[in-house]
Each structure stands twice: as structure tokens, then as C-alpha cells.
Amino acid sequence: MQQVVNVQQPIITPRKFKVYQHRQLDKIEALKKVPADMRFEMKVVANVLPFRVNEYVFNELIDWENVPNDPLFQLTFPQKDMLEPSAYQRMADLMSGKHTTNEVFDLATQLRDEMNPHPAGQMQMNVPHVDGEPLPGMQHKYRETVLFFPAQGQYCHSYCTFCFRWAQFVGKATRFNSNDADQLHRYLAQHKEVTDLLVTGGDPMVMRTRKLAHYLEGLLQPGFEHIKTIRIGTKSLTFWPYRFITDPDADDLLRLLERLVDGGKHVSIMAHLNHPNELRTEVCQEAIRRLRATGVQIRCQAPLLKHINDDPDVWASMWEKQVQLGLIPYYMFVERDTGAKRYFEVPLERTWEIFQKAYQQVSGIARTVRGPSMSAGPGKVEVQGVTEIAGEKVFALRFIQGRNPDWVQRPFFAKYDPDATWLHHLKPAFGEEKFFFEDEYSQMSAMD
């Protein structure tokens, strides 16, 4: 008879959540090791791009002996080159002299508007309408999937410096959210083609459990059988794992997830994990264990980012660690054409090379990951490689997801461009004037 071994679970001491924003930069003790001119640069950038970090992140995840090169430092603390040189100088000049809070805010607003705050048609093409009226806080880009932005979840435990949803955090004019659960449920009930609801933000895990339940428990009622999957996008597993262990309503959250699973829903935690160092703490690993015990699955996704993870060994290590902990590698994304992209973007050819070299290092069980994928206006476009066809060097591409489902899995080819970092930089190969989807996509754009 096989002996059952009881594995003792670690004792996690509760931790008070303490967060710092741009006005509290000087209160972060560890930053006193950073030169004064770098601290000023941080303040300049933090008045334009959102900054928020909690004490767990900077005390447990950052190696301060390796600053500024530490990847988690780069992931959370603003750097001068995240702004265009002229934009940085304008804000630095203002802050170096006499200025008012309103003057800083007004200039920041101007600079933000120049940074493509809502890429890929998020505001124009993705928002569903009922009787000609837009539904706030919802997006329906792909047939099977609706995104919902709960108003209470439109911030995070810490902000990532690369975040393509940075505009959610810098003012009401660019924010996108809803607190209308009834409207969400009515829309889903009327759209039987929808199988997946993605609750996103910000980070829905900053919400109290009762608020999250308000949006999700109704999907267990008759009439929502077509909603097969509930996805929750979150960074909390590594930026505040106490959410699942010692927060006052942590157990309530786990019971909610169990009820959804027991009610027949596939619940997937869409974990944003950018570097293997995020997974090394005992509290993170215990949060993962507790989450998996509810019956949910945890899928992991991240963009490839210069200064943070532009190394195949980093990705291979991260995928291997994810699999070891019972997580599913899901997506490698290309850094989006918004915000601080100039600081983080990597040419598409190099991105594909990193993916390929990382993929070669892992076993088949980690090769669930897809990418590199661009979440562009027409859909999710995967870079499958660089090759030569009929004497022409080309990018081989395909849609993983598309505004028109008929585009999905159709291969197409672009002229080789060593400097291209996004879909709109590419031109059709073989003398074609347009990519096969362009006319239809233009018609879709004109209708919105």
C-alpha cells in the first residue's frame, strides 16, 4: 500500500498593504541608494506615466544591489528614456523652475495624448452598442469573447512601467469602466455566440470579493449556459500574493472561485508574469497552491520587453518554472504601440529569434505558449518566422485571432524589415499592394 505523505504548508504572516505613488517617491527608503539625478528623472516621468508600487514588491522582488539593471526595478520604477527626449525635457524644464500642480497636470495631459493612449481601436471599434448607444466598460472585439472592466478594479497593486492600459490610471478622461452588473448580464444573455467573459482592468483582484461576486455569480443562473469560461486578468499572484492567503476576504475569494467551478464554469486566472524572479518567493508559491486547489487553471502571459526579459534563457527559465508550479505558459506578446513603447520595444525579427531559442530549450509540456503575438487592430497576429520564398526574404505571419473569424490561421507574408516592431511597419511581400484583410478591415473601421 502506497504511503500518503502529508506536505506541511508554510505559515504565511499577514502583511499590511502599503503603497507608494509619485508624490511618495522620496519616502521609499531603498531609493536613497539611487543618485539624486536619477530620482529627479523618476519624478519627471512619474508625472506623465502612472507610478504605483507596494512595499512587498520593492522589498522582496527587487535586488537593490543590481539597480538600475534589476528587471523588477525596470518593471516598476520609471526611467528617463520611457519618454521621448523632447517630452522629457519639456516636463523636466517645468519641474526645475517655479510651477503649479495644474501646470504639471496640463503638460502631462498634452504629452499623454501624444502617446497613443488607446491603441488597436479600443475606444472606436471594440465597444459594443445597443440601440446605437455604446456600453461603457465593455469591449467585444472577437466573436467569442467579451471584456468587462469593473469600475472597482481599475487600478493595480503595483503598476508595470510597460503597461498598454496605462491610460486607465491617469485621469477620468481616458478611463474605461463600468459598475453596471445588470447591463453586463443583459448583454451576455442576448449574445449566445459569446462563450468567454474576461474580467480585466487594471486588476480585478484589487476588488473586494463581494464586489467581484456581484458581477460573476449571476452567470451561474439559467440563461448563461453559453458562458463556458470566466477569465480574470491579474498581476496579483506576484505583486500581492497575500490577496489569496491572508487578506481579510482571501478565503471568501477562494470559495467564490470554487462555486464558479462547481457550477460548471471553466475559470482561468490570466496571470501576467514578466520574469522568473517574480515566482521565487514562498508567499507567491503558496498563493499559487491555494488557487489551484479551487479547481481554477492559471495561464501565464507577458510581452517581450527590452531591459526586462529580452533574453531566451529568461523566457525558458520562466516557462519551466511555471510548469513546475502547475501553471500553463500561454502567450508571449509583442510590446504594444502605446505609452513607453520606445523604451521596451524589440524588432520583430529579434523577438521571434528570442521566442525560437527559448522554445527550443523547453519540453513539449511547456510548448503550450504561443507567440510572438501582436494584439493589433485587425486581431492577434503571430510572427511565425523569417524565411526566404522565391528568392525574397519575408516574415511569415498568421492570425491567432481576428475581427473576422475567417482570417484565423490564414498564413500571409510581409517584406523583411529588420527595424519593424509592429504590424503597421510591415508591407506585403511578393509585389502585393495590400494584405488580404486590409480592405475588409478598412470597411470595419469606417463603420465605427
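Criteria and cut-off values
Residues numbered from 1 in each chain as written. Predicted model: local features only at pLDDT ≥ 70, side-chain atom pairs only at ≥ 80, totals over all residues. Heavy atoms only, no water. UniProt positions renumbered as here; feature names shortened; annotations may be inferred. Helix = DSSP H or I, 4+ residues; strand = E, 2+ residues; numbered from the N terminus. Contact = heavy atoms within 4.5 Å. Axes fitted to C-alpha atoms, helices over the stretch in contact; angles between N-to-C directions. Parallel < 35°, antiparallel > 145°, perpendicular 65-115°, else oblique. Expected span 1.5 Å × (residues − 1). Buried < 20%, exposed > 50% of the residue type's maximum accessible area, 1.4 Å probe, protein only. Pairing = 2+ DSSP bridges.

## Re the UniProt feature "modified residue: N6-(pyridoxal phosphate)lysine" (unreviewed entry) in the protein
Phase 1 of the analysis: As annotated in UniProt, the feature "modified residue: N6-(pyridoxal phosphate)lysine" (unreviewed entry) corresponds to Lys380 in the numbering used here.
Phase 2 of the analysis: For Lys380, the location among the structural elements is in strand β13 (residues 379-389).
Phase 3 of the analysis: Setting aside residues no more than four positions away along its own chain, Lys380 makes contact with Tyr142, Tyr331, Phe333, Ser373, Met374, Ser375, Arg398, Phe399, Ile400 and Gln401.

## Focus: the environment of Gln110
Phase 1 of the analysis: Looking at the secondary structure, you find Gln110 in helix α5 (residues 101-113).
Phase 2 of the analysis: Along the chain, Gln110 and Pro428 lie 318 residues apart, while their C-alpha atoms are 35 Å from each other.

## Things to note about the packing of helix α4 (residues 85-96) against α5
Phase 1 of the analysis: For the pair α4 and α5, interaxial distance at closest approach is 10 Å and the crossing angle is 180 degrees. On the basis of their axis angle, the class for α4 and α5 is roughly antiparallel. Facing Ala87, Arg90, Met91, Leu94 and Met95 of α4, the residues of α5 in contact are Glu103, Val104, Leu107, Ala108, Gln110 and Leu111.

## Quick notes on helix α13 (residues 348-361)
Side chains of residues three or four places apart in an α-helix project in the same direction, reflecting 3.6 residues per turn.
Phase 1 of the analysis: Between its first and last C-alpha atoms α13 spans 20 Å; for 14 residues at 1.5 Å apiece the expected length is 20 Å, and the two agree.
Phase 2 of the analysis: On its buried face, α13 is in contact with β10 (297-304), α11 (312-324), β11 (328-334), β12 (370-375), β13 and β14 (392-402).

## Quick notes on unusual backbone geometry
Most peptide bonds adopt trans geometry, and most residues besides glycine take a negative phi value.
Phase 1 of the analysis: The linkage connecting Gly201 with the following residue, Gly202, adopts the cis geometry, with an omega of 20 degrees.
Phase 2 of the analysis: A cis amide bond links Gly371 with the next residue in sequence, Pro372, at an omega value of -10 degrees.
Phase 3 of the analysis: You can see Pro372 is positioned in strand β12.
Phase 4 of the analysis: Positive phi outside glycine occurs at Gln409, with the angle close to 70 degrees.
Phase 5 of the analysis: Here Gln409 falls in the partly exposed class, since its relative accessible area comes to 45%.

## So, the sheet that holds β12
Phase 1 of the analysis: The sheet built from 11 strands is open, its strands ordered β5-β6-β7-β8-β9-β10-β11-β12-β13-β14-β15 with mixed pairing. Of all strands in the sheet, those with a lone pairing partner are β5 (138-142) and β15 (411-415), marking the two edges. Each strand axis lies, on average, 30 degrees off the axis of its neighbour in the sheet, ignoring direction.
Phase 2 of the analysis: One ladder, built from two bridges, connects β11 with β12; its direction is parallel. Residue Tyr331 lies in a different strand from β12, and its bridge partner there is Arg370.
Phase 3 of the analysis: Each of β10 and β11 is contacted by α11, which is oriented at about 150 degrees to β11, the strand it contacts most.

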